[in-house]
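Here is how the chains run, residue by residue.
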Amino acid sequence: MFFYLLLVIIIIQRCVELFIAKKNERFLKDQGAKEYGRKHYLFMVMMHICFFVSLLVEVTFFAKSLSSLWPIWFSLFLLTQIGRVWVIQSLGTFWNTKIIVLPEATIVSKGPYKYIKHPNYLIVTTELLVIPLMFNAYFTLVCFFILNQLILAIRIPYEERVLLKETNYRTISEIPRSLPKLVKRSRLK
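Residues numbered from 1 in each chain as written. Predicted model: local features only at pLDDT ≥ 70, side-chain atom pairs only at ≥ 80, totals over all residues. Heavy atoms only, no water.

## Topic: the packing of aromatic side chains
The full count for this structure, using the stated rule, is 9 aromatic pairs. Both rings, one in F51 and one in F52, keep their centres 5.2 Å apart while their planes meet at 75 degrees; by these two values the pair is edge-to-face. Both residues of the pair, F51 and F52, count as buried. Pairwise contacts between aromatic rings join F2, F3, Y4, W70, F74, F77 and F135 into one cluster. (Phe/Tyr/Trp six-rings, centres within 6.5 Å; stacked < 30°, edge-to-face > 60°. Buried < 20%, exposed > 50% of the residue type's maximum accessible area, 1.4 Å probe, protein only.)

Following this line, the structure appears as structure tokens:
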């Protein structure tokens, strides 16, 4: 029962996020923003839909049970949800599931964006790991972790090229791409 409840909550959450994204998209396009990456966006959406279908099939039809480590995985999942809210609040009207760029905009560098350039992708990647781990759904975990990495290998460089071209993205060149630097390295002389 926990699995189905969690799945419904996540799907409702994603629907709310799509509503917010659509509202932000309309606002930004009214300001002159342009949309980029439509081709790979479709693959990204399909990958996420297939993730939930695969998870449902694997857990239901292959009688997967709750992991004995589920409290750890669930705690990590809850942290990702806090991270999601932090990302959405930090970007405000700039947050979107699509690449929507307002030319000449100033890049947001507050919240998690002070530490890494793409916190949302790190959060999604973590979710794609911990949700299947919670239910011992290893097929879903491996398949969709790999698919997500393939999509991000296209999306992140594409998004960065657009941001470099259209905004002041160069100003945040010192911020790491996906994992925060925990220790500053000393320069060798």
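## Quick notes on unusual backbone geometry
In this structure, A63 takes a positive phi of about 50 degrees despite not being glycine. With respect to the secondary-structure elements, A63 resides in the loop between α2 (38-61) and α3 (70-91). Within the chain, E104 stands out as a residue other than glycine whose phi angle is a positive 70 degrees. Of note, E104 is situated in the loop between β2 (99-101) and α4 (119-134). You can call E104 exposed: its relative accessible area is 72%. (Helix = DSSP H or I, 4+ residues; strand = E, 2+ residues; numbered from the N terminus.)

## Let's talk about the pattern of salt bridges
When their charged atoms lie close together, side chains carrying opposite charge are able to pair. Enumeration according to the criterion identifies 12 salt bridges in this entry. Residues R84 and E127 are paired through a salt bridge, measuring 2.8 Å at the closest nitrogen-oxygen approach. On the criterion of sequence distance, the pair formed by R84 in helix α3 and E127 in helix α4 is long-range, its members being 43 residues apart. In this pair, the class of R84 matches that of E127, namely buried. (Salt bridge = Lys/Arg side-chain N within 4 Å of Asp/Glu carboxyl O.)

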